[in-house]
Amino acid sequence: MSSRVAQHDSVASAEVSLYHNVLKIKQEHELQNLGISFYDCETTIQWAYNADHYFHAASTMKLAVLLGVFRQVDRGELTLDAPVHVRNRFTSIVNQEPFMLDLSRDADPNVYGHLGKTLTVRELAYWMITLSSNLATNLLVEVIGIANVQAALDELEIDGIRVIRGVEDQAAFEAGLNNEVTANGLLKLLRLIAEERAYSREACEEMLKIMLDQQYRSGIPAGLPKAARVAHKTGNISTVHHDAGIVYLEKRKPYVLVILTQFTAETRRGTAVADVSRDIFNAISGMMYE
Amino acid sequence: MSDGNGAPNLKVVDAFDLDDELRTLLRPGEMVKDEKGRRHRLPRYFYEVPSHDVAMQTRLTHHFGLNEFILVDLKENQRLQQFPTYVPCAVRTLAFYLEQFRAAAGASVHIAVNGGYRSPAHKMSHGATPHMWGTAADVYRIGSTILKTKELIEKYNEVAEDLSDDLHVLPMGHVTGSAADDHVHVDLGYITLIPREISEDRMEQPQENRPRFAYEERRRKERRHSVEEASEPQ
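Residues numbered from 1 in each chain as written. Chains lettered and ligands numbered in written order. Predicted model: local features only at pLDDT ≥ 70, side-chain atom pairs only at ≥ 80, totals over all residues.

A.B. asks: Explanation requested: the overall build of chain B in the structure shown.
C.D. replies: Within chain B, the regular secondary structure consists of 6 helices and 10 strands. By residue count, 38% of the 234 residues in chain B fall in the buried class. Taking the intrachain contacts of chain B between residues at least 6 apart in sequence as the baseline, contacts between residues at least 24 apart amount to 69%. (Helix = DSSP H or I, 4+ residues; strand = E, 2+ residues; numbered from the N terminus. Buried ≥ 20, exposed ≤ 12 C-beta atoms within 10 Å, placed from the backbone. Contact = placed C-beta atoms within 7 Å.)

Rendered as structure tokens:
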């Protein structure tokens with residue numbers, strides 16, 4: 001671990017302990033790959049494990065789309081109250097053929113219940129993050145353009161996130177064209193939001209407000225005391241389970257944590273993310289009460 | 001707000017009399033090419049819709065409100081998303097046919113957002129489409145049935161085609177030439193409607209030294225004003 005504050009023995013021992021625990025979790029859950037990145041705004045301590053390895057982004061790419069939306073708002077090219085036609089027809093990046101989402105797989109009737117009508121950009125952003133609506137995501141990608149999502153990442157010098165398409169583009173998936181993330185890439189994005197350095201203070205506040213309403217809590221929050229507030233975004237497909245978030249505890253600055261896991265299709269998704277989150281929290285708590 | 005027979009009690013405007021911005025967006029009387037290179041003249045006479053409430057209250061037919069034909073999203077030019085907004089007078093003819101279509105389909109007919117009138121400035125207006133004349137509708141739902149399969153789209157296309165030779169439909173996937181689609185498109189072609197209270201003599205018989213349109217008069221006044229200002233002693 002590195003820190004601008006004086007190094008303590010407790011930090012070194014926490015690091016060793018954390019490293020061993022992480023290896024144990026990886027083994028127990030039969031993970032093919034595990035990536036972790038951590039930054040504590042209170043102590044400035046950073047810690048990482050395999051944090052530059054690229055994973056399939058799954059729904060964590062929606063954080064980049066959220067950033068892209070606020071880029072366009074900041075530039076005056078979009079307003080959060082602008083109405084967007086909710087329709088289920090998108091274009092594949094591979095063959096320019098149209099495709100439709102399988103709405104029976106989308107957990108969010110708040111969006112597909114509006115087919116043929118409009119939702120505002122703000123509403124779509126909210127459902128994209130809090131209920132991980134694929135329909136809302138693809139609509140927003142269509143509104144702002146995928147190039148502007150990448151432009152936001154480039155402008156803010158966020159390496160380690162590659163966003164090339166929306167979601168459920170089966171032709172692109174079969175061609176191996178997927179969005180990818182590293183733990184360090186998502187950490188950088190979240191740090192900018194936590195530190196109010198992504199476009200404007202107001203933009204960061206809006207983004208945090210949305211992320212704090214996250215409905216899926218089996219990842220990072222499951223390893224924390226109930227009083228902890230987490231602004232985060234999960235990502236799940238059959239072979240990955242990720243969570244990336246900003247953790248707010250009482251009487252201290254937040255910490256930012258990204259946990260990416262990959263496993264075989266035969267291995268069922270377990271509690272690896274929650275277990276890592278718990279270990280990180282315990283390590284932090286140990287240092288807090290030294 | 002209307003007699004329910006397709007003649008809404010709304011002010012009819014000659015788009016040439018609108019301000020420069022609106023005229024630039026609506027492009028009255030301009031020729032536009034369709035996808036086959038045929039040229040069509042854009043409509044000139046519009047209903048002025050002063051507010052959302054008026055749009056909601058104005059019935060074009062028993063079952064169709066004017067608001068259904070002007071629902072747009074951010075693909076429409078920002079000025080035309082605001083009120084007062086404008087819709088070609090021929091929209092009432094479309095409503096009449098949609099009322100028949102509704103009866104034949106046996107259920108309510110729902111027009112999608114961006115599925116009614118789209119101005120020439122709308123981002124989906126590539127070349128002349130009857131949407132720019134207010135004479136086309138994209139129907140995404142009939143009753144509680146969302147139109148997302150080939151079978152459903154073909155079924156209701158047939159209903160429309162059987163109803164009248166005036167109604168034109170487009171096949172499944174007409175935009176991209178593929179098998180994915182989410183609406184039934186019906187249109188009446190490039191109909192322009194000139195309400196009976198309108199006199200067209202200004203267009204046909206321009207008088208010497210007399211502006212044909214209100215904007216020409218405004219411009220003359222502006223020019224006169226600027227000349228007078230320039231000639232005032234400093």
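A.B. asks: It is not clear to me how the pairing of strand β10 (residues 229-237) of chain A should be interpreted in this structure. Could you clarify?
C.D. replies: When a strand is regular, its side chains alternate between the sheet's two faces. Residues and elements named next belong to chain A. Here 9 bridges tie β10 to strand β11 (residues 240-248), and the two strands are oriented antiparallel to one another. Bridging from a neighbouring strand, His232 pairs with Gly245 of β11. In this structure, the hairpin formed by β10 and β11 is closed by a connection of 2 residues. (Pairing = 2+ DSSP bridges.)

A.B. asks: Help me understand the sheet that holds β11 of chain A, please; the structure alone is not making it clear to me.
C.D. replies: Neighbouring strands of a sheet are bound in pairs by backbone hydrogen bonds; such pairs are parallel or else antiparallel. Residue and element names in this part refer to chain A. Spatial strand order, β2-β1-β12-β11-β10: 5 strands in an open sheet with antiparallel pairing. Looking at which strands have only one partner, the edges of the open sheet turn out to be β2 (46-49) and β10. With direction set aside, neighbouring strand axes in the sheet form an average angle of 5°. (Axes fitted to C-alpha atoms, helices over the stretch in contact; angles between N-to-C directions.)

A.B. asks: Can you help me understand the interface of chain A and chain B in this one?
C.D. replies: Where the parts come together, the accessible area they lose is often given as the size of the interface. With 16 residues of chain A at the contact, the number on the chain B side is 14 residues. For the side of chain A that touches chain B, the elements supplying multiple residues, two or more each, are β4 (83-85) and β6 (98-99) of chain A. It is β4 of chain A that provides the largest number of residues to the side of chain A that touches chain B, a total of 3 residues. Residues belonging to the side of chain A that touches chain B are distributed by class as follows: 8 nonpolar, 4 polar and 4 charged. (Nonpolar A, V, L, I, M, F, W, Y, C, P; charged D, E, K, R; others polar.)

A.B. asks: How should I be thinking about the domain arrangement of chain A in this particular structure?
C.D. replies: Residues and elements named next belong to chain A. Annotation of chain A at the domain level lists domain 1 (1-53 + 182-200 + 207-290) and domain 2 (54-177). The C-alpha-based centres of domain 1 and domain 2 are spaced at 25 Å. The interface of domain 1 with domain 2 comprises 31 residues on the first partner and 26 residues on the second. When contributions to the side of domain 1 that touches domain 2 are tallied by element, the ones reaching two or more residues are β1 (33-40), α8 (183-194), α9 (201-212), β10, β11 and β12 (255-262). Here the side of domain 1 that touches domain 2 gets 6 residues from one element, more than from any other, and that element is α8. The residue inventory of the side of domain 1 that touches domain 2, partitioned by class, reads 13 nonpolar, 14 polar and 4 charged. (Domains from an automatic or database assignment.)

A.B. asks: Can you walk me through unusual backbone geometry in this structure?
C.D. replies: Note: most residues except glycine have negative phi, and most peptide bonds are trans. Cis geometry marks the peptide bond from Phe83 of chain B to Pro84 of chain B, where omega comes out at 0°. As for its position among the elements, Pro84 of chain B is in the loop between α2 (52-57) and β5 (85-88). Residue Ala58 of chain A is not a glycine yet carries a positive backbone phi of 45°. Backbone geometry at Glu168 of chain A places phi at a positive 60°, although glycine is not the residue there. Here Glu168 of chain A lies in the loop between β8 (161-162) and α7 (170-174).

A.B. asks: Looking at this structure, I do not really get the environment of Arg118 of chain B. What am I missing?
C.D. replies: All names here are of chain B. Inspection of the secondary structure assignment puts Arg118 in the loop between β6 (109-111) and β7 (136-142). Residues Arg118 and His131 lie 13 residues apart in sequence; the distance between their C-alpha atoms is 5.4 Å. When sequence neighbours within four positions are dropped, the list of residues in contact with Arg118 reads Glu76, Met124, Ser125, His131 and Met132.

A.B. asks: Help me understand the sheet that holds strand β3 (residues 55-56) of chain A in this model?
C.D. replies: Taken together, 3 strands build an open sheet; the order of strands is β3-β9-β8 (chain A) and the sheet is antiparallel. Every interior strand has two partners, whereas the edge strands, β3 and β8 of chain A, have only one.

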